[in-house]
Amino acid sequence: MENFLLPKSLLFNDSSKPPIIQGIKEWQERHKVEDYKIGYNRVALITGITGQDGIYLTAMLLSPLFMAPFVYQVHGIVRKNSASLPILINLQETLERQQGRKVSLTLHYGDVTDPHFMQQTIHSVKPDEIYNFAAQTHVQHSFFMPSHTIDVNFKGLVNICQAALSLSFAYQRSVRIFHASTSEMFGQTTAQQSDSLMGESFPFNPASPYAVSKIASYYLVRYYRSVYQMRISTAISFNHESPLRHESFVTRKITKGVARIKLGIQEKLLVGNLYAKRDWGHARDFVRGFWIINNQELVKGVRNDSGIDSRQPFEDYVIATSWSMPVLDFLQEAFKKAGFGQLQLMRDNGYEQLCSGERVLAKVDPKFLRPGEVPMLRGDPSKIESELGWKAEIQIEGLMDEMLEYDEQVAKLEMLVRERAKL
Ligand code: F7E
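In this text, all values refer to a predicted model and were calculated from it rather than measured experimentally.

**Some words on the overall build of the chain**
Within the chain, the regular secondary structure consists of 15 helices and 15 strands. The buried share of the chain, reckoned over its 423 residues, is 55%. Within the chain, residue pairs in contact and separated by at least 24 positions form 80% of the contacts whose partners lie at least 6 positions apart. Of the roughly 18,600 Å² of accessible surface on the chain, 52% is carried by carbon and sulfur atoms.

Below you can see the structure in the form of structure tokens.
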């Protein structure tokens, strides 16, 4: 039971090792590159470590068979009231049991919005790599909390960059910084654009305070890179999900709801816009891409079988699967996989509802409709595929299966707890 909260995809083993990391080892042997030139012992600082991406990246960096020849010490910034901390602790204990030794994970309690805290933490940890995931990431919440969204998402990054800059002046240490950007920056497309895949040069047209905050941060990354030659870059990530996705996002809300409805502990799902299309990938694939982007000069050197050219400015990359699906299809497919038949879409009081025979399984509730919606997002990952050798390995089918299986286990546990409470 103690491994219960950890999805299968969270365990990174040798057999799933990406060719590029294997390639680094072979390249190093062929060119007799010594460890100290690349720095195989790395210190990583992850902000937002208890979120989905923070947990997946921690699991990856602390899996030595997967990451070899790199050995990581991971530091994470945690807000005092983070609800996902038990999953991270469970991960740490599981890795330590598997590896038969302590893994190096240190948590720092604080917040990226506090410049003093960030300065002090970055100067004491002296990271080689920073991954900035700390953000108010919920698009709908950003309509109700625009100032908070812009504070966390933009000022948080300013504080990180200023602290990293002062570290580099004080100790002549350059830190690589990865910042998480988003496809929401592309926003609403025109009729002519609506069929195009969205690549790095696709125009921005934000439709929420969240998207605006991320566009400001995107330009901040470019500013630090061009003015201070910082090794900072960003991934324009399309939606990425997993069993650890928070249930306020639509895929997890659906898989969790479907599992609970199947077991009879929930009557129906209340959802918003069923026609928005999203390019849904797996968080496990995305964190692999984040590491590759943050090590892009090394990865390019290995792929070209040349040296490492650290004078090249860092670049930004889109990460996506290039395949998209409407929310309605995800919803119907999830119910079908859970064994519900005769699915049909009906209307009640002007809103859609999904029924199985007579039974209403899901219903549109206007409170989940957004003041500004992004109807369609589909990314073009060709630049990261051709330049850095990244490719999505898990498709939507595998993602949905894993999420449904996990949520069925969670729902069974919930039933057990309810039964015990009755005793
Ligand atoms: O919504 C529609 C909703 O909240 C997806 C974040 O990681 O990805 C995520 O943002 C779509 C939208 O994700 C419900 O209107 C329908 O069209 O799962 P979501 P998101 O807004 O796309 C981007 C790339 C980010 O960067 C963000 O940080 O689904 N939808 N019914 C619903 N959405 C929610 N949340 N709940 C519903 O009931």
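**Considering unusual backbone geometry**
In most cases, non-glycine residues show a negative phi, while peptide bonds are predominantly trans. Here the bond from Ala68 into Pro69 is cis, since omega is 20°, no more than 30 degrees from zero. Among the secondary structure elements, Pro69 is positioned in the loop between helix H4 (64-67) and strand E2 (71-78). In this model, Gln172 sits at a positive phi of 50°, which is unusual for a non-glycine residue. Of note, Gln172 is situated in the loop between helix H8 (146-171) and strand E5 (176-182). For Gln172, a relative accessible area of 68% puts it in the exposed group. In this structure, Gln229 is a non-glycine residue whose phi angle is positive, near 55°. Following the sequence through the fold, Gln229 ends up in the loop between helix H9 (209-228) and strand E6 (231-237). Since its relative accessible area comes to 60%, Gln229 is described here as exposed.

**Here we look at the sheet that holds strand E14 (residues 351-356)**
The four strands are arranged E8-E15-E14-E13 in an open sheet whose pairing can be described as mixed. A single partner strand is all that each edge strand has here, and the edge strands are strand E8 (269-271) and strand E13 (343-348). Geometrically, the sheet is characterised by an average inter-axis angle of 30° between neighbouring strands, direction not taken into account. Along the sheet, helix H10 (residues 250-262) makes contact with E8 and strand E15 (359-364), crossing E8 at roughly 160°.

**A few points about helix H13 (residues 327-337)**
Buried within H13 are the following residues: Val327, Leu328, Phe330, Leu331, Ala334 and Phe335. End-on view of H13: buried residues confined to an arc of 165°, all on one side of the axis. Just downstream of H13, Gly339 is the residue with a positive phi angle, here 95°.

**A word on the sheet that holds strand E1 (residues 41-47)**
Ordered by their spatial adjacency, seven strands build an open sheet running E3-E2-E1-E4-E5-E6-E11, and the pairing between neighbours is parallel. The sheet is open, and its two edges are formed by strand E3 (105-109) and strand E11 (317-319), each paired on a single side. The mean inter-strand angle of the sheet, taken between neighbouring strand axes irrespective of direction, is 25°. Contacts from H9 reach E5 and E6, with the element oriented near 150° to E6. Packed on one face of the sheet, helix H11 (residues 283-294) meets E2, strand E4 (129-132), E5, E6 and E11 and runs near 135° to E4.

**Re the site of the ligand**
Not every one of the 24 residues close to the ligand is listed here, only the nearest: Thr137, Thr182, Gly272, Arg370 and Glu373. For the ligand, an oxygen atom lies 2.6 Å from a polar atom in the side chain of Thr182. Lys253 is positioned with one of its side-chain polar atoms (N or O) 2.7 Å from an oxygen atom of the ligand. For the ligand, whose accessible area on its own is 700 Å², the fraction buried by protein is 96%. For the shell around the ligand, the secondary structure elements donating two or more residues are H10 and E8. Of the residues belonging to the shell around the ligand, the class tally is nine nonpolar, nine polar and six charged.

**Overview of the packing of aromatic side chains**
Counted according to the given criterion, the structure contains 20 aromatic pairs. Geometrically, the ring pair formed by Tyr131 and Phe133 is tilted, given 6.4 Å between the ring centres and 35° between the ring planes. Given a relative accessible area of 11%, Phe133 falls into the buried group. Aromatic side chains Tyr223 and Tyr228 sit 5.9 Å apart centroid to centroid with 80° between the ring planes, which places their arrangement in the edge-to-face category.

**Some remarks on a nonpolar patch on the surface**
Together, Phe169, Tyr223, Val227 and Tyr228 make up an exposed nonpolar region whose accessible area comes to about 390 Å². For the nonpolar patch, the element with the highest residue contribution is H9, accounting for three residues. By the element assignment, Phe169 lies in helix H8.

**Observations concerning H11**
With 12 residues, H11 extends 16 Å between its outermost C-alpha atoms, agreeing within 8% with the 16 Å of an ideal straight helix rising 1.5 Å per residue. When you tally the buried positions in H11, you get 12 out of 12 residues, the bulk of the element.

Conventions used here
Residues numbered from 1 in each chain as written. Predicted model: local features only at pLDDT ≥ 70, side-chain atom pairs only at ≥ 80, totals over all residues. Heavy atoms only, no water. Helix = DSSP H or I, 4+ residues; strand = E, 2+ residues; numbered from the N terminus. Buried < 20%, exposed > 50% of the residue type's maximum accessible area, 1.4 Å probe, protein only. Contact = heavy atoms within 4.5 Å. Areas by Shrake-Rupley, 256 points an atom, 1.4 Å probe, with all protein chains shown as cover. Pairing = 2+ DSSP bridges. Axes fitted to C-alpha atoms, helices over the stretch in contact; angles between N-to-C directions. Arc of directions from axis to C-beta. Near = heavy atom within 4 Å. Polar contact = N/O pair within 3.5 Å; in protein donor to acceptor, adjacent residues only side chain to side chain. Nonpolar A, V, L, I, M, F, W, Y, C, P; charged D, E, K, R; others polar. Phe/Tyr/Trp six-rings, centres within 6.5 Å; stacked < 30°, edge-to-face > 60°. Patch = residues over 30% accessible without salt bridge, like charges linked within 9 Å, V, L, I, M, F, W, Y side chains within 5 Å. Salt bridge = Lys/Arg side-chain N within 4 Å of Asp/Glu carboxyl O. Expected span 1.5 Å × (residues − 1).

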